[in-house]
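Fold and contact review
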Amino acid sequence: MKKILLSIVALLAANVCVTAQDLVKETVIVDRFLSTTNHDLASETTHALRDMALQAFTEKGRFNLVDSEQNAVLQKLNSTRTQYSEESVNASNVLDEESTEVYKSLGAKYLVQGRVTNLSVAYVESSSTSPYYKGEVTLVLTVHNIADGSVKSSETLEFTGIDSNVPKQAIDDAVKSTKSKIMAFESIFFLSICFAEEFAE
């Protein structure tokens, strides 16, 4: 059922809402991804999920993407946020007046944020199967409209992975499964922009 829904989303993005080539590509900034978990693998996993999101948002070529960790102007801006804990970095301080002006100077209209809210590994024993490690990851993806700070799109994504021997591999397996869901999120976001453009005409 999920595969059917993803196919429908992809079809709509490709056909119903005109083609990506017919639209002016919007500039989207991918902000740092944060974690509110204290798991030993939190930092590594958060970076891996961000890399996956960057791939998902660039694969279809629908947006001009700006990586905040690679852009010198945004690196300088982010350095001023070291005073905040990961829990307190939110829309109120990444879309303040100073930040918004910097984003607009880069021609950006949207800011993508990611937050890992759950990261866990459990050892599973069952009478029907051999024991294994089960990794679970929860990622909240949010797209903000830079102009007014509103949330353009947001979704909580959950991923699961397994490995028979190593806990870390179970988490890595979960991360590998994220791409299709993040791409579906990107497609829905793209559709929302397309329909907004259509109705505006």
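The following refers to the structure shown. (Residues numbered from 1 in each chain as written. Predicted model: local features only at pLDDT ≥ 70, side-chain atom pairs only at ≥ 80, totals over all residues. Heavy atoms only, no water.)

**Considering the side chain of Thr178**
Relative to the helices and strands, Thr178 is located in the loop between helix 6 (167-176) and helix 7 (179-200). Residue classification places Thr178 among the buried residues on the basis of a relative accessible area of 0%. Ignoring any residue separated from it by four or fewer positions in sequence, one finds Thr178 in contact with Leu49, Met52 and Phe159. (Helix = DSSP H or I, 4+ residues; strand = E, 2+ residues; numbered from the N terminus. Buried < 20%, exposed > 50% of the residue type's maximum accessible area, 1.4 Å probe, protein only. Contact = heavy atoms within 4.5 Å.)

**Considering the packing of aromatic side chains**
Evaluation of the coordinates by the stated rule reveals 6 aromatic pairs. Taking the centre distance of 6.0 Å and the plane angle of 35° together, the rings of Phe57 and Phe63 count as tilted. Accessibility classification places Phe57 together with Phe63 in one group, the buried group. On the basis of an interplanar angle of 20° and a centroid distance of 5.3 Å, the ring pair of Phe63 and Phe189 is categorised as stacked. One end of the pair, Phe63, is in strand 2 (residues 63-67); the other, Phe189, is in helix 7, and 126 residues separate them in sequence. With relative accessibility at 0%, the residue Phe189 sits in the buried group. (Phe/Tyr/Trp six-rings, centres within 6.5 Å; stacked < 30°, edge-to-face > 60°.)

**A closer look at the packing of helix 3 (residues 72-79) against helix 5 (residues 97-105)**
The N-to-C vectors of helix 3 and helix 5 enclose an angle of 170°; their axes lie 11 Å apart at closest approach. Taken together, the axes of helix 3 and helix 5 are roughly antiparallel relative to one another. For the pair helix 3 and helix 5, the contacting residues are Val73, Leu74 and Leu77 in the first and Glu98, Ser99, Val102 and Tyr103 in the second. Tallied by class, the residues present in the contact of helix 3 with helix 5 amount to 5 nonpolar, 1 polar and 1 charged. (Axes fitted to C-alpha atoms, helices over the stretch in contact; angles between N-to-C directions. Parallel < 35°, antiparallel > 145°, perpendicular 65-115°, else oblique. Nonpolar A, V, L, I, M, F, W, Y, C, P; charged D, E, K, R; others polar.)

**Brief notes about the nonpolar core**
Ranked by size, the top nonpolar core spans 32 residues in total, and within it Phe63, Val112, Val137, Leu139, Leu141, Ile182 and Phe189 carry the most contacts. Of all the elements in the fold, those that place two or more residues in this core are strand 1 (26-35), helix 2 (42-59), strand 3 (108-124), strand 4 (132-145), strand 5 (151-163), helix 6 and helix 7. When residues no more than four places from it in sequence are discounted, the contact partners of Ile182 are Leu49, Met52, Ala53, Ala56, Leu139, Leu141 and Leu157. Grouped together as the second largest cluster of nonpolar side chains are 11 residues, Ile29, Leu74, Leu77 and Val94 included. (Core = buried A, V, L, I, M, F, W, Y, C linked by side-chain atoms within 4.5 Å.)

**Details of the pattern of salt bridges**
For the structure on display, the rule yields 8 salt bridges. We note a salt bridge from Arg50 to Asp67, for which the minimum N-O separation is 2.6 Å. With Arg50 in helix 2 and Asp67 in strand 2, the pair connects residues that are 17 residues apart, well separated along the chain. The exposure class of Arg50 is buried, given its relative accessible area of 2%. With a relative accessible area of 18%, Asp67 lands in the buried category. What you see here is one network of salt bridges that share partners, running through Glu44, Lys168 and Asp172. (Salt bridge = Lys/Arg side-chain N within 4 Å of Asp/Glu carboxyl O.)

So, to be careful, I would describe these as geometric facts and stop short of saying anything about function.
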